[in-house]
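# Chains, contacts and geometry: an overview
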Amino acid sequence: MNATIAIKEARTEHDVHPLIRQRFSPRAFTGEPVSDQELLTLFEAAAWAPSSMNEQPWRFRYALRGEAPFEALMRSLSGGNLPWAPNGAAIVAISGMKHHARNGQPNASWGFDTGIAVGNLLLQATAAGLYGHLLGGFDHERAAELLRIDAESEGLICLLLLGRLGEAEMLQEPYRTRERTPRVRKPLGEVAARISG
Ligand SMILES: Cc1cc2nc3c(=O)[nH]c(=O)nc-3n(C[C@H](O)[C@H](O)[C@H](O)COP(=O)(O)O)c2cc1C
């Protein structure tokens, strides 16, 4: 088994589902392809997320490694993502529609809803032995132009690199060490509390 998997698995206080413990954001990807079918399964998992008024504001545009839009999106990445991201198998641009389709009014929860959908997508990926790494470090304007996203109606949130897990040895420093460092979280008491009163 890839040694990174054991290092990265979440050590939890409570009985958290293995799928949630096993998801993590790797930087080492093998470069092996993923199929349209595999990706469509992830998007369908995302589509079954809850959303305000069932508006499903999320939008996913994707490209496979080797295709021109993949390479163009790679060129929009900021410095820290550039050394390793090109080994991913697919890149997904994650965006959301800002207005309600029903009445054209602003939809206050488009970003929240899209985040829930992406959570579904990432867990489905984990179940399928695929890994995802969200990327906010890129030139948003350049990418939005490339994707023909109209900022008035649609918000480009981030990119998601998907692929199969590679070995930490593939990476240069400091990424190699990061790949071998266990994940950490804030103490539960800092983010969750019983309402007093
Ligand atoms: C909106 C968003 C943007 C992110 N942007 C980047 C990024 O540009 N580069 C990067 O290496 N990781 C990025 N990450 C990944 C986070 O750093 C990562 O999820 C976090 O450190 C927790 O690690 P884990 O996903 O392995 O549990 C981003 C995550 C989110 C949700």
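Moving on to the overall build of the protein chain. Within the protein chain, the secondary structure is distributed over 8 helices and 4 strands. When the helices and strands of the protein chain are placed in sequence order, the string is α-α-α-β-α-β-α-β-α-β-α-α. For the protein chain, whose C-alpha radius of gyration is 18 Å, the value lies close to the compact-globule estimate of 16 Å for 197 residues. Over its C-alpha atoms, taken along the principal directions, the protein chain stretches across nearly 55 × 50 × 30 Å. Looking at the protein chain as a whole, 40% of its 197 residues are labelled buried. For the protein chain, restricting intrachain contacts to residue pairs at least 6 apart in sequence, the fraction spanning at least 24 positions comes to 78%. The averaged location of the 22 negative side-chain charges in the protein chain is 5 Å from the averaged location of its 21 positive side-chain charges.

Once that is clear, we can look at the site of the ligand. In the vicinity of the ligand lie 13 residues, with Ser 25, His 133, Gly 136, Arg 183 and Arg 185 positioned nearest. Residue Arg 185 places a side-chain N or O atom 2.7 Å away from an oxygen atom belonging to the ligand. When the free accessible area of the ligand is taken as 620 Å², the share hidden by the protein chains comes to 59%.

Each neighbour pair has its own omega, and for Glu 173 with Pro 174 the value is 10 degrees, a cis peptide bond. Secondary-structure assignment places Pro 174 in the loop between β4 (154-163) and α7 (175-179). The phi angle at Asn 54 is positive, at roughly 55 degrees, despite the residue not being glycine. Among the secondary structure elements, Asn 54 is positioned in the loop between α3 (36-47) and β1 (58-64).

On to the side chain of Glu 154. Mapped onto the fold, Glu 154 is located in strand β4. At 2.7 Å, the side chain of Glu 154 and the side chain of Arg 61 are in polar contact. A polar contact of 2.6 Å, which involves the side chain of Glu 154, links it to the side chain of Ser 95. Sequence-distant contacts of Glu 154, defined by excluding residues within four places in its chain, comprise Arg 59, Arg 61, Ser 95, Gly 96, Met 97, Lys 98 and Ile 149.

Within the sequence span of helix α4 (residues 68-75), burial applies to Phe 70, Ala 72, Leu 73 and Met 74. Taken together, the buried residues of α4 touch β1, β2 (90-97), α6 (140-146) and β4.

Within β2, 7 of the 8 residues are buried, which leaves the element mostly enclosed by the surrounding structure. In the sheet, β1 pairs with β2 via 7 bridges, with the strands oriented antiparallel. Considered in β2, the bridge of Ala 63 is made with Ile 91. One ladder, built from 8 bridges, connects β2 with β4; its direction is antiparallel. When the sheet's bridge partners are listed, Gly 96 is paired in β4 with Gly 155.

A few words on the sheet that holds β1. Backbone hydrogen bonds hold the strands of a sheet together, and the pairing may be parallel or antiparallel. Read from one edge of the open sheet, 4 strands run β1-β2-β4-β3, paired in antiparallel fashion. In this open sheet, the two strands that pair with only one neighbour each are β1 and β3 (131-135). The average undirected angle you get between the axes of adjacent strands in this sheet is 25 degrees. This element, α4, spans β1, β2 and β4 of the sheet and lies at about 75 degrees to β2. Contacts from helix α5 (residues 110-127) reach β1, β2, β3 and β4 within the one sheet, and its direction differs from that of β4 by about 10 degrees.

The rules we used
Residues numbered from 1 in each chain as written. Predicted model: local features only at pLDDT ≥ 70, side-chain atom pairs only at ≥ 80, totals over all residues. Heavy atoms only, no water. Helix = DSSP H or I, 4+ residues; strand = E, 2+ residues; numbered from the N terminus. Rg over C-alpha atoms; globule rule 2.2 N^0.38 Å. Buried < 20%, exposed > 50% of the residue type's maximum accessible area, 1.4 Å probe, protein only. Contact = heavy atoms within 4.5 Å. Lys, Arg positive; Asp, Glu negative; His and termini not counted. Charge placed at Lys NZ, Arg CZ, Asp CG, Glu CD. Near = heavy atom within 4 Å. Polar contact = N/O pair within 3.5 Å; in protein donor to acceptor, adjacent residues only side chain to side chain. Areas by Shrake-Rupley, 256 points an atom, 1.4 Å probe, with all protein chains shown as cover. Pairing = 2+ DSSP bridges. Axes fitted to C-alpha atoms, helices over the stretch in contact; angles between N-to-C directions.

None of the figures reported here should be taken as evidence of function without further support.
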